[in-house]
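# Structural overview for review
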Amino acid sequence: MKKPLVIRPRLWLPYSAFGAILLVPISLAFLPDPFAGLGPGDRPVRFFIFLWVALPLLALLAAWRLLTWTTYRATDASLEARSMLGAKRLTWTELTSSELDTPIGLPPAYELRFGKRKIRFIAAHHDRAKIQELKALIAR
(Lines give C-alpha, C1' and ligand atoms only; values in the text may rest on other atoms or scores of the structure.)
Protein backbone atom coordinates (compact mmCIF):
# COMPACT_ATOMS: atom_id res chain seq x y z
CA MET A 1 0.00 0.00 0.00
CA LYS A 2 1.20 3.45 -0.90
CA LYS A 3 1.85 6.02 1.82
CA PRO A 4 -1.22 8.29 2.28
CA LEU A 5 -1.10 11.88 1.08
CA VAL A 6 -1.31 14.25 4.07
CA ILE A 7 -2.51 17.78 3.36
CA ARG A 8 -1.96 20.35 6.11
CA PRO A 9 -2.15 24.13 6.05
CA ARG A 10 1.20 25.85 5.67
CA LEU A 11 3.35 26.40 8.76
CA TRP A 12 3.07 30.19 8.78
CA LEU A 13 -0.62 29.87 9.63
CA PRO A 14 -0.36 28.38 13.16
CA TYR A 15 2.65 30.52 14.00
CA SER A 16 0.85 33.71 13.02
CA ALA A 17 -2.28 32.61 14.94
CA PHE A 18 -0.25 31.89 18.10
CA GLY A 19 1.55 35.20 17.62
CA ALA A 20 -1.72 37.08 17.35
CA ILE A 21 -3.09 35.41 20.46
CA LEU A 22 0.05 36.35 22.41
CA LEU A 23 0.56 39.87 21.04
CA VAL A 24 -3.01 41.16 21.30
CA PRO A 25 -3.14 41.30 25.14
CA ILE A 26 0.32 42.86 25.21
CA SER A 27 -0.77 45.48 22.67
CA LEU A 28 -3.97 46.22 24.57
CA ALA A 29 -1.96 46.74 27.77
CA PHE A 30 0.06 49.52 26.12
CA LEU A 31 -2.85 51.02 24.19
CA PRO A 32 -4.19 54.18 25.80
CA ASP A 33 -7.82 54.25 26.89
CA PRO A 34 -9.64 56.37 24.28
CA PHE A 35 -12.29 57.40 26.82
CA ALA A 36 -9.93 58.45 29.65
CA GLY A 37 -9.82 62.14 30.46
CA LEU A 38 -12.62 63.19 28.12
CA GLY A 39 -14.59 66.24 29.07
CA PRO A 40 -18.21 66.92 28.21
CA GLY A 41 -18.57 67.17 24.44
CA ASP A 42 -15.08 65.77 23.74
CA ARG A 43 -14.65 62.97 21.24
CA PRO A 44 -12.31 60.03 21.66
CA VAL A 45 -9.61 59.38 19.09
CA ARG A 46 -11.09 57.13 16.42
CA PHE A 47 -7.86 55.28 15.75
CA PHE A 48 -7.63 54.08 19.36
CA ILE A 49 -11.29 53.05 19.36
CA PHE A 50 -10.66 51.08 16.17
CA LEU A 51 -7.70 49.32 17.81
CA TRP A 52 -9.77 48.56 20.93
CA VAL A 53 -12.28 46.76 18.74
CA ALA A 54 -10.03 45.27 16.04
CA LEU A 55 -7.36 43.70 18.27
CA PRO A 56 -9.73 41.47 20.32
CA LEU A 57 -11.47 40.46 17.09
CA LEU A 58 -8.08 39.51 15.66
CA ALA A 59 -7.38 37.32 18.70
CA LEU A 60 -10.80 35.67 18.41
CA LEU A 61 -10.26 34.93 14.72
CA ALA A 62 -6.82 33.47 15.44
CA ALA A 63 -8.24 31.27 18.20
CA TRP A 64 -11.05 30.16 15.86
CA ARG A 65 -8.51 29.24 13.19
CA LEU A 66 -6.60 27.07 15.65
CA LEU A 67 -9.75 25.42 17.00
CA THR A 68 -10.96 24.54 13.51
CA TRP A 69 -7.57 23.25 12.39
CA THR A 70 -8.12 20.39 9.94
CA THR A 71 -5.67 18.04 8.28
CA TYR A 72 -6.61 15.74 5.44
CA ARG A 73 -5.31 12.27 4.71
CA ALA A 74 -6.00 10.97 1.22
CA THR A 75 -5.66 7.29 0.34
CA ASP A 76 -6.72 5.30 -2.72
CA ALA A 77 -10.09 4.58 -1.08
CA SER A 78 -11.04 7.75 0.80
CA LEU A 79 -10.31 11.23 2.09
CA GLU A 80 -10.21 11.56 5.86
CA ALA A 81 -10.68 14.97 7.48
CA ARG A 82 -9.22 15.17 11.00
CA SER A 83 -9.93 18.02 13.40
CA MET A 84 -10.33 18.51 17.15
CA LEU A 85 -13.92 17.37 16.79
CA GLY A 86 -12.91 13.98 15.42
CA ALA A 87 -12.33 12.37 12.04
CA LYS A 88 -14.70 12.04 9.13
CA ARG A 89 -14.00 9.64 6.28
CA LEU A 90 -15.39 10.36 2.81
CA THR A 91 -14.99 7.72 0.14
CA TRP A 92 -14.09 8.65 -3.41
CA THR A 93 -17.28 6.97 -4.62
CA GLU A 94 -19.25 9.76 -2.90
CA LEU A 95 -17.31 12.45 -4.78
CA THR A 96 -19.71 14.36 -7.03
CA SER A 97 -17.40 17.09 -8.35
CA SER A 98 -13.90 18.42 -7.94
CA GLU A 99 -12.43 21.75 -8.97
CA LEU A 100 -8.72 21.43 -8.37
CA ASP A 101 -7.38 23.19 -11.47
CA THR A 102 -7.66 26.91 -10.81
CA PRO A 103 -8.72 28.40 -7.51
CA ILE A 104 -12.21 29.87 -7.62
CA GLY A 105 -14.27 32.09 -5.36
CA LEU A 106 -13.26 34.53 -2.71
CA PRO A 107 -10.87 33.64 -1.18
CA PRO A 108 -9.52 31.55 -4.05
CA ALA A 109 -9.92 27.91 -3.10
CA TYR A 110 -9.88 24.39 -4.49
CA GLU A 111 -13.13 22.49 -3.93
CA LEU A 112 -14.23 18.90 -3.55
CA ARG A 113 -17.93 18.08 -3.27
CA PHE A 114 -19.10 14.88 -1.60
CA GLY A 115 -22.87 15.03 -1.99
CA LYS A 116 -24.00 17.81 0.34
CA ARG A 117 -20.59 18.21 1.99
CA LYS A 118 -18.07 20.60 0.44
CA ILE A 119 -14.37 20.65 1.31
CA ARG A 120 -12.49 23.82 0.42
CA PHE A 121 -8.71 24.07 0.38
CA ILE A 122 -7.93 27.81 0.52
CA ALA A 123 -5.20 28.37 -2.06
CA ALA A 124 -3.10 30.69 0.12
CA HIS A 125 -3.16 28.24 3.05
CA HIS A 126 -2.31 24.97 1.26
CA ASP A 127 0.65 23.86 -0.82
CA ARG A 128 -0.14 23.73 -4.53
CA ALA A 129 2.06 20.64 -5.02
CA LYS A 130 -0.03 18.71 -2.48
CA ILE A 131 -3.22 19.77 -4.28
CA GLN A 132 -1.77 18.53 -7.58
CA GLU A 133 -0.91 15.21 -5.93
CA LEU A 134 -4.50 15.02 -4.71
CA LYS A 135 -5.73 15.75 -8.24
CA ALA A 136 -3.60 12.90 -9.60
CA LEU A 137 -4.92 10.59 -6.87
CA ILE A 138 -8.53 11.42 -7.76
CA ALA A 139 -7.87 10.88 -11.48
CA ARG A 140 -6.96 7.22 -10.85
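The paragraphs below set out a description of the structure included in this document. (Residues numbered from 1 in each chain as written. Predicted model: local features only at pLDDT ≥ 70, side-chain atom pairs only at ≥ 80, totals over all residues. Heavy atoms only, no water.)

### Here we look at the side chain of E111
In plain terms, the rule: A run of DSSP states H or I qualifies as a helix once it reaches four residues; a run of E qualifies as a strand once it reaches two. Both are numbered from the N-terminal end. Residues adjacent in sequence count toward polar contacts only when both atoms are side-chain atoms; beyond that, a polar contact is any pair of N or O atoms within 3.5 Å, and within protein one must be able to donate a hydrogen and the other to accept it. Working rule for contacts: check all heavy atoms of both residues, and any pair within 4.5 Å makes them a contact.
Counting through the fold element by element, E111 comes out in strand β6 (residues 109–114). Of note is the side chain of E111, whose polar atom sits 3.2 Å from the side chain of R120. Ignoring sequence-local partners within four residues, the contact set of E111 consists of S97, S98, E99, L100, I104, K118, I119 and R120.

### Comments concerning the side chain of H125
In plain terms, the rule: Burial classes follow relative accessibility: with a 1.4 Å probe on protein chains only, a residue under 20% of its type's maximum area counts as buried, one over 50% as exposed, and anything between as partly exposed.
Summarising the element assignment, H125 is placed in the loop between β7 (117–122) and α3 (128–139). Owing to a relative accessible area of 18%, H125 belongs among the buried residues under this scheme. Leaving out residues up to four positions away in the same chain, H125 has contacts with R8, P9, R10, W12, L13 and R65.

### Thoughts on a nonpolar patch on the surface
Put simply, the rule is: For patch detection, residues must exceed 30% relative accessible area and be free of salt bridges, and they are connected within 9 Å for like charges or within 5 Å for nonpolar side chains (Val, Leu, Ile, Met, Phe, Trp, Tyr). For the accessible areas, the method is Shrake-Rupley and the probe is 1.4 Å, while residue cover comes only from the protein chains on display. One speaks of a salt bridge when a side-chain nitrogen belonging to Lys or Arg is within 4 Å of a carboxyl oxygen belonging to Asp or Glu.
A cluster of nonpolar side chains, contributed by L22, L23, I26 and F30, occupies part of the molecular surface with about 480 Å² of accessible area. By the secondary structure assignment, F30 is in helix α1 (residues 12–30). In this structure F30 comes out as exposed when scored by relative accessible area, which is 71%.

### Remarks on the packing of aromatic side chains
Where we set the bar: For Phe, Tyr and Trp, rings pair up if their centres lie within 6.5 Å, where Trp contributes its six-membered ring, and each pair is then called stacked (planes under 30 degrees apart), edge-to-face (over 60) or tilted (otherwise).
A complete count under the given rule lists 3 aromatic pairs for this structure. With centroids separated by 4.9 Å and ring planes inclined at 70°, the aromatic side chains of Y72 and F121 adopt a geometry described as edge-to-face. Highlighted residues: Y72 in strand β2 (residues 71–74) and F121 in strand β7, separated in sequence by 49 residues. Residues Y72 and F121 agree in their burial class; the two are buried.

### Observations concerning the sheet that holds strand β1 (residues 5–7)
In plain terms, the rule: Think of it this way: DSSP has to see at least two bridges between two strands before they count as a pair. Interaxial angles span 0 to 180 degrees and are taken between N-to-C directions of axes, which are lines fitted to C-alpha atoms, for helices over the stretch in contact.
Taken in spatial order, the 4 strands make up an open sheet running β1-β2-β3-β4, and their pairing is antiparallel. At either end of the open sheet lies a strand with only one pairing partner, and these are β1 and β4 (86–91). Neighbour-to-neighbour, the strand axes of the sheet open up by a mean angle of 20°, direction not taken into account. Across 6 bridges, the pairing between strand β3 (residues 78–83) and β4 is antiparallel. Residue pairing in the sheet places A81 in a bridge with K88 of β4. Contacts from α3 reach β1 and β2 within the one sheet, and its direction differs from that of β1 by about 135°.

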